[in-house]
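Coordinate inspection notes
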Amino acid sequence: MSTAQAGFSTRQIHAGSIVDAESRARVTPIYQTSGYVFDSFDEGAERFAGTSPLRAYSRTDNPTNVVAAKRIADLEGGVDGVLVGSGQAAIAMTVFSLASAGDHLLTTQLLYEGTREMLRGSLLRQGVTSTALDEHATEADWLAAVQPNTKAIYTESIPNPVGGVTDLDLLARVAKQAGVPLVVDNTVATPYLCRPFEFGADIIIHSTSKWLAGHGSVIGGAIIDGGSFDWAANAERFPQFTAPGPHGRPSAVAKCGRAAYAGLLRSSTIIEYGPTMPPTSSFLLLHGIETLSLRMQRHISNAHAVADALSRHPAVAQVHHADLAGSPYRALADRFTPLGAGSIVTIELHGGRAAARTFLDSLDLVTQMTHIGDVRTLAIHMASTIHGKLTDQEREAVGISDSLVRISVGLEDVSDIIADLTQALAKTEGLA
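Note that the structure is a prediction, hence the values are computed from the model and not measured. (Residues numbered from 1 in each chain as written. Predicted model: local features only at pLDDT ≥ 70, side-chain atom pairs only at ≥ 80, totals over all residues. Heavy atoms only, no water.)

In this structure, glutamine 109 sits in the loop between strand 2 (104–108) and helix 5 (113–120). Using a relative accessible area of 22% as the deciding quantity, one classes glutamine 109 as partly exposed. It is 8.7 Å that separates the C-alpha atoms of glutamine 109 and alanine 397, two residues lying 288 residues apart in sequence. For glutamine 109, the residues in contact, after removing those within four places along its chain, are Arg116, Ala132, Leu133, Asp134, Ala397 and Val398. (Helix = DSSP H or I, 4+ residues; strand = E, 2+ residues; numbered from the N terminus. Buried < 20%, exposed > 50% of the residue type's maximum accessible area, 1.4 Å probe, protein only. Contact = heavy atoms within 4.5 Å.)

One open sheet holds the seven strands; their spatial order is 1-7-6-5-4-2-3, and the pairing between them is mixed. In the strand order of this sheet, the two ends are held by strand 1 (80–84) and strand 3 (129–133), each with one partner. Here the average twist between neighbouring strands, direction ignored, is 20°. In this structure, strand 6 (residues 203–207) lies alongside strand 7 (residues 221–225), joined through five bridges in antiparallel fashion. Following the sheet pairing, serine 207 is matched in strand 7 by glycine 221. (Pairing = 2+ DSSP bridges. Axes fitted to C-alpha atoms, helices over the stretch in contact; angles between N-to-C directions.)

Where helix 3 (residues 63–76) meets helix 12 (residues 279–289), the closest approach of the two axes is 8 Å, and the angle between their N-to-C directions is 35°. When you trace helix 3 past helix 12, the crossing you get is left-handed. Between helix 3 and helix 12, the contacting residues are Thr64, Asn65, Val67, Ala68, Arg71, Ile72 and Leu75 on the first element and Pro279, Ser282, Phe283, Leu285, Leu286 and Ile289 on the second. Taken together, the residues of the contact of helix 3 with helix 12 break down into nine nonpolar, three polar and one charged. (Left-handed = near helix turned anticlockwise from the far one by under 90°. Nonpolar A, V, L, I, M, F, W, Y, C, P; charged D, E, K, R; others polar.)

Looking now at helix 15 (residues 352–361). The complete set of buried residues in helix 15 reads Ala355, Ala356, Phe359 and Leu360. Within helix 15, the buried residues cover an arc of 125° as seen down the axis, which keeps them to one side. Buried-residue contacts for helix 15 involve strand 9 (344–349), strand 10 (367–368), strand 11 (378–381), strand 12 (404–408) and helix 17 (414–426). (Arc of directions from axis to C-beta.)

In this section: the packing of aromatic side chains. Describing an aromatic ring pair means giving the distance of the ring centres and the angle of the ring planes. Enumeration according to the criterion identifies eleven aromatic pairs in this entry. On the basis of an interplanar angle of 20° and a centroid distance of 4.8 Å, the ring pair of phenylalanine 96 and tyrosine 273 is categorised as stacked. Remark: tyrosine 273 occurs in helix 11 (residues 260–273) and phenylalanine 96 occurs in helix 4 (residues 87–98); sequence separation between them is 177 residues. Relative to phenylalanine 238, the ring of phenylalanine 229 has its centre 5.7 Å away and its plane inclined at 90°; by these criteria the two rings are edge-to-face. Judged on exposure class, the residue phenylalanine 229 and its partner phenylalanine 238 are both buried. (Phe/Tyr/Trp six-rings, centres within 6.5 Å; stacked < 30°, edge-to-face > 60°.)

Tracing the sequence through the fold places leucine 363 in the loop between helix 15 and strand 10. Separated by 50 residues in the primary sequence, leucine 363 and aspartate 413 place their C-alpha atoms 16 Å from one another. Apart from residues lying up to four places away in sequence, leucine 363 is in contact with Ala379, Asp420, Leu421, Gln423 and Ala424.

Mapped onto the elements, threonine 94 comes out in helix 4. Note on threonine 94: relative accessible area 2%, which makes it buried.

Before going further, it helps to spend a moment on the sheet that holds strand 9. Overall, mixed pairing links the five strands, which are arranged 8-9-12-11-10 in an open sheet. Of all the strands in the sheet, the pair left with one neighbour each is strand 8 (316–320) and strand 10. In the packing of helix 13 (residues 292–311) onto the sheet, contacts are made with strand 8, strand 9 and strand 12, and the angle to strand 8 comes to roughly 155°.

For the rest of this paragraph, the subject is the packing of helix 4 against helix 5. Remark: helix 4 packs on helix 5, axes separated minimally by 11 Å, with the N-to-C direction vectors making an angle of 40°. Overall, the two elements helix 4 and helix 5 adopt an arrangement that is oblique. The handedness of the crossing between helix 4 and helix 5 comes out as right-handed. Residues Gln88, Ile91 and Ala92 of helix 4 lie in contact with helix 5, whose contacting residues are Gly114, Thr115 and Met118. In terms of residue class, the contact of helix 4 with helix 5 is made up of three nonpolar, three polar and no charged. (Parallel < 35°, antiparallel > 145°, perpendicular 65-115°, else oblique.)

Next comes the structure, spelled out in structure tokens:
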């Protein structure tokens, strides 16, 4: 069926789906194959030249992966998508397709620490520099930070783990004036809560391991092309999109039109680096996406109840969630995530690290581990784990205190979640 005019919940089940030609299987099969048969000498050449609609090798495309990528692209409102082996791979492939040694990125300061590690680690060693601006930067500040070699503005719609909401309208205006794409990590929001293309983003990435899959059993990433950036008008900054390929092959723009970014990503960056997602993981991802809207509704309602309960608990010094009435991000949340600002609730405890240790070690139902977006409620001490490599000053700059605990609120009965958090908080009394 055509899903062009269908609602979100219908599209999360049907968009991009295929019916296997031989078996007529209704569920998208796992195409566990490394390659595909060429029916002739000429067909093999055509597949490698990209002039055939059929695929050449599973390093770039696999039918199971294609369905999942198209489904996510549909939900986001994009024109095409590519799956890769992890969320980190999605970030790396996005950057590598846009920037080379000597180039520069502009980013928001509040980002997942794994992304920040890549920016100051591997990417910097490969000659790609970056400048981070804080949440108070104005449009003029952003424009002043643009350099001739800037190749993208990178942000997260809901920063992990501090629970703010990014002003996507502002960054889209800056990106358009600068002639660079706006890249948005939409992992925490998911396309159910926020669709950044509607606010001017050009490329969206996901760690599909999180809410999109939802069950904590797969690792994966997605890169979605919004089809909105004019690569031809910015050919001097991005010649790789308009230059003809070897032996006179058409450029990505000439061949793929609005989907030129995904086309170049698939035919060049992905095939060269090879961060392929296994089709078994895509199969599990598809099953997760089918219930995304239902799960997100429960995630949000549970997160609101948890945030409210913890904000009234005497052992908790502060609760961070953009939907709370006193949050400085509430207006942005109403604008960009009106259905809810995600299901991460971050708390700071009276009693510092000692209280955080006692709290986490006293949890029973809630699992202490590094992950988010699971059906299970998870908790972790950020300063000693994900942000453990930073100095005290560096942690303070990104809002990570010694007492900060990130809670990814799951789908259990919310009364049980709150009861477990409450009994663990009671153990911290006297540590303040």
